[in-house]
Amino acid sequence: LSLMFNGGFASVRTRCGFPAGDWKGVEIDLCTDGRMYKFVAKTENQGSDGGLYQRDIPAQPAGVFRKVYLPFSSFVPTFRGRVVSSLGALRPSDVRLFGFMISKLDDQGRPIDTFGEGSFELQVSSISLVREKES
């Protein structure tokens, strides 16, 4: 991870839509290196260089697997790290691509104080769509 040449982020994504349904959010079982990551989604209405929806995954202790629930209503529409409200709210049925990102900016476009260059590690055990979040 480097800040050279307007860097400051790395991502991995897969083309895969969400099946039809009344999905409220996504639950991810993951283990990080202690840094903050993001879950990102791109819809069919956004071109290859279009915006995407993102949600910060709060930093957690390094080396510990834990489940994180991210409600779709909390995803932020962005373009190149800046909030773009005109994209509207995320509609899960429109998602065609999703993945993970590490970035020098949070999902509101603000710099992350703890961001640092160098290697990073994110392990994902599972990603599940959720209709209702159990208490």
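Since this is a predicted model, take the numbers as computed values, not measurements. (Residues numbered from 1 in each chain as written. Predicted model: local features only at pLDDT ≥ 70, side-chain atom pairs only at ≥ 80, totals over all residues. Heavy atoms only, no water.)

### Re the packing of aromatic side chains
Evaluation of the coordinates by the stated rule reveals four aromatic pairs. Pairing Phe 39 with Phe 75 gives two aromatic rings, centres 6.1 Å apart and planes at 90°, and the pair type is edge-to-face. With Phe 39 in strand S3 (residues 37-43) and Phe 75 in the loop between strand S5 (66-71) and strand S6 (76-79), the pair connects residues that are 36 residues apart, well separated along the chain. In this pair, the class of Phe 39 matches that of Phe 75, namely buried. Taking 5.3 Å as the distance between ring centres and 75° as the angle between the ring planes, the aromatic pair formed by Phe 39 and Phe 100 counts as edge-to-face. Separated by 61 residues along the polypeptide, Phe 39 in strand S3 and Phe 100 in strand S8 (residues 95-103) bring together distant segments of the chain. Take Phe 39 and Phe 100: they sit in the same class, and that class is buried. (Phe/Tyr/Trp six-rings, centres within 6.5 Å; stacked < 30°, edge-to-face > 60°. Helix = DSSP H or I, 4+ residues; strand = E, 2+ residues; numbered from the N terminus. Buried < 20%, exposed > 50% of the residue type's maximum accessible area, 1.4 Å probe, protein only.)

### Details of the sheet that holds strand S9 (residues 122-130)
Across the sheet, three strands lie side by side as S5-S2-S9; this open sheet has antiparallel pairing. Looking at strand neighbours, the two that pair on one side only are S5 and S9, the edges of this open sheet. Each strand of the sheet is rotated relative to its neighbour by a mean of 25°, with strand direction disregarded. As judged from the eight bridges shared by strand S2 (residues 25-32) and S9, these two strands associate in the antiparallel manner. Bridge pairing in S9 places Leu 30 opposite Val 124. (Pairing = 2+ DSSP bridges. Axes fitted to C-alpha atoms, helices over the stretch in contact; angles between N-to-C directions.)

Everything listed here is a matter of coordinates, which is why it stays silent on function.
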